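# Summary of structural features
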Amino acid sequence: MSVNEQAVRAASAAHPRHPNSPATYGTAGFRAHSDTLDSTMFRVGLLAALRSKKLAGQTIGVMVTASHNPEQDNGVKLVDPHGEMLHSSWEAYATQLANAPSDEALVATLKQVVQVAEVDLSQPAKVVYGHDSRPSCRTLVRAVVDGLTALDAEQVNAGLVTTPQLHYLVRCYNTAGTPQAYGEPSVEGYYQKLATAWTTLATGRHLLPALTVDCANGVGAPKLKEFLKVVGQDLLPVITVRDNHTLAGNLNMNCGADFVKTQQCPPRNVELVPWQRYASFDGDADRIVFYYADGTGTFHLLDGDKIAGLAAGFIMDLVKDSGLGVKVGVVQTAYANGASTKYLTEVLGVPVQCVPTGVKHLHHAAESFDIGVYFEANGHGTVLFSPSTLAAINTHTPASPSAAAALANLRALVDLINQTVGDAISDMLLVEVVLLHRQWTPAQWDAAYTDYPNRLVKVLVQDRHAFTTSDAERKVDTPAGLQDKIDEAVKEVVGGRSFVRPSGTEDCVRVYAEAATRSTADELANKVAGIVHSLAGKGPKPASF
Ligand code: G16
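The shown structure was predicted, so the numbers you read here are calculated from the model rather than taken from an experiment.

### Focus: the domain arrangement of the protein
- The domain architecture assigned to the protein consists of domain 1 (5-160), domain 2 (189-301), domain 3 (304-446) and domain 4 (454-536).
- For domain 2 versus domain 4, the separation of C-alpha centres amounts to 32 Å.

Here it is as structure tokens:
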């Protein structure tokens, strides 16, 4: 069987390539200004169909979202059968298809992918697709559908969903009716699974004061509200703010996890009541960060590193109490605060692995542990339980009533945690469970260690692809000479650490710096940003902190 060239050519003619359409499938798929994405979406539809055929008709996911990016951007990523990110070996095909300059070239590239990837076109294809709350999604989803239709793929429209809900659905479809069945393949099934686990873990505990959640004015707002209806506010008191996902221009605007993390302040116009718990989702609800203000009104961030420490400590206690002989490990990126790595290794005594930015890298590394906790500092992460650990949790005979209780909690935790990808709703529940069980205030959680002061800066450059890195992004290889200059700047600062890497989701280079004091961390960030800008910058120099 061969590609229906005529159908593809005709469908492609309705989706001409924009000259500025994104060139590479990056950290989280394709991302760019929504006006440039129509052809990319169509071609991703084609690729999703091929990917499903390659995997004998297993369901593949397509999520239309640009997550934390500004509202005018959009993007798309593919989800593989177990709910994980598209296998990296297929990213090049995505890039090749997106870059084909004409309908004719697209047909030729498609045939080439079929041949090189050894896709059997006679296999069926099934794809589930969903989108976030961006106004541009409606037309872009139509382009995806045209791509799927051109290759006769069976389609399931998940509609408006959070990114992690789409990942969940993919895994559910592919495991239905098997011993690994992950859950009911519907958003209601997702709510039910989390609500049941939460109820098991929370019932009988002394409830904490309500958590206030900033939904970034994104899809997390309606989805969190739907979930709260299922679980019941009496067992999970939550107040939502920044929860208007329908008003144009609002998404991620001065709010949301990325804003809070990078600006190190609360969402604009949200007054923090001292000592109360707050959390922020990002635009597609796959990241979460927590924070609070102390008695003097000083803002304290509890980011992905803090979540990793909290989750790892709690899970280690349950493992110990239940008598299970399994090991916990943590995966971080170069953005992890040095103090968190020190806490994990020296206080908790867990092995820590550092990998490049991008969920796919963290997820993959976490799979090598019995229980792998992975979190990026920006709040993206989850916990993975290996198949043998899951078997042990299900079959272990506890030696005492307290061991049985710990085991029951671990079992519920397995269901509470979305193991396909980082999930703001599920991670919110994970943190709340730990705080509930420990009866901790946010300040008690925060007391585990004090972050080294740090700063993240974006630098606009002529060509971010000219920046290449190694050593899990801790060293920059090109432009030549840049690393030496960074090393010199770092040497002048007590406790200094800094690195530079190209963003995979925005057209910029990111500069991270940390040091012993706030002023020296800012000084180092400004200095390194200045070095990058003078070497390869575009437009005005980034404003100094
Ligand atoms: C995506 C990725 C994350 C990454 C973030 C920023 O998050 O899934 O792994 O940390 O982009 O990436 P970069 O620094 O390369 O721009 P999200 O929440 O935007 O999908």
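### Thoughts on the sheet that holds strand E19 (residues 509-514)
- A sheet is described by the order of its strands in space; here three strands give the open sequence E15-E19-E18, paired in antiparallel fashion. The open sheet has two edge strands, strand E15 (454-459) and strand E18 (497-502), and neither has a second partner. Pairs of neighbouring strands in the sheet enclose a mean axial angle of 15°, with direction left out of account.
- Across six bridges, the pairing between E18 and E19 is antiparallel. Note that in E19 the partner of Pro502 across the bridge is Val509.

### Quick look at the sheet that holds strand E6 (residues 211-214)
- On the basis of which strands lie adjacent, the open sheet formed by five strands has the order E7-E6-E8-E9-E10 and mixed pairing. Looking at the sheet topology across the chains shown, the edges are occupied by strand E7 (238-241) and strand E10 (299-302). When strand polarity is set aside, the average angle formed by the axes of neighbouring strands in this sheet is 25°.
- In this structure, E6 lies alongside strand E8 (residues 278-281), joined through three bridges in parallel fashion. Its bridge partner lying in E8, Thr212 is registered against Tyr278.
- Taken strand by strand, helix H8 (residues 220-231) contacts E6, E7 and E8, and its axis lies near 160° from that of E7.

### What about the site of the ligand?
- Taken together, 18 residues are adjacent to the ligand, and Thr27, Ser67, Ser503, Gly504 and Thr505 come closest.
- In terms of residue class, the shell around the ligand is made up of two nonpolar, 10 polar and six charged.

### Section: the environment of Glu473
- For Glu473, the location among the structural elements is in the loop between strand E16 (468-470) and strand E17 (475-478).
- Spatially, the C-alpha atoms of Glu473 and Thr175 are 35 Å apart, while their sequence positions differ by 298 residues.
- Look past the residues within four positions of Glu473 in its chain and what remains in contact with it is Ala334, Pro356, Thr357, Phe499 and Arg501.

### As for the pairing of E7
- Two elements, E6 and E7, share four bridges in a ladder whose sense is parallel. Residue pairing for E7: Thr212 is matched across the bridge by Ile239.
- Once you follow E6 into H8 and on to E7, the crossover reads as right-handed.

### Describing helix H11 (residues 338-348)
- Within H11 the residues assigned to the buried category are Ser340, Tyr343 and Leu344. Buried residues in H11, looked at end-on, bunch into an arc of 95°, giving them a common side.
- Residues of H11 that are buried make contact with helix H10 (304-322), strand E11 (328-332) and strand E12 (352-354).
- Gly349 lies just past H11 and shows a positive phi near 70°.

### Describing the UniProt feature "active site" (unreviewed entry) in the protein
- According to UniProt, the feature "active site" (unreviewed entry) maps to Ser67 in the numbering used here.
- Mapping Ser67 onto the fold places it in the loop between strand E2 (59-64) and strand E3 (73-79).
- Beyond its immediate sequence surroundings of up to four residues, Ser67 is in contact with Ala28, Thr163, Asp282, Gly283, Asp284 and Asp286.

Quick notes on the rules
Residues numbered from 1 in each chain as written. Predicted model: local features only at pLDDT ≥ 70, side-chain atom pairs only at ≥ 80, totals over all residues. Domains from an automatic or database assignment. Pairing = 2+ DSSP bridges. Helix = DSSP H or I, 4+ residues; strand = E, 2+ residues; numbered from the N terminus. Axes fitted to C-alpha atoms, helices over the stretch in contact; angles between N-to-C directions. Contact = placed C-beta atoms within 7 Å. Near = placed C-beta within 6 Å. Nonpolar A, V, L, I, M, F, W, Y, C, P; charged D, E, K, R; others polar. Right-handed = clockwise from strand over helix to strand, strands pointing away. Buried ≥ 20, exposed ≤ 12 C-beta atoms within 10 Å, placed from the backbone. Arc of directions from axis to C-beta. UniProt positions renumbered as here; feature names shortened; annotations may be inferred.

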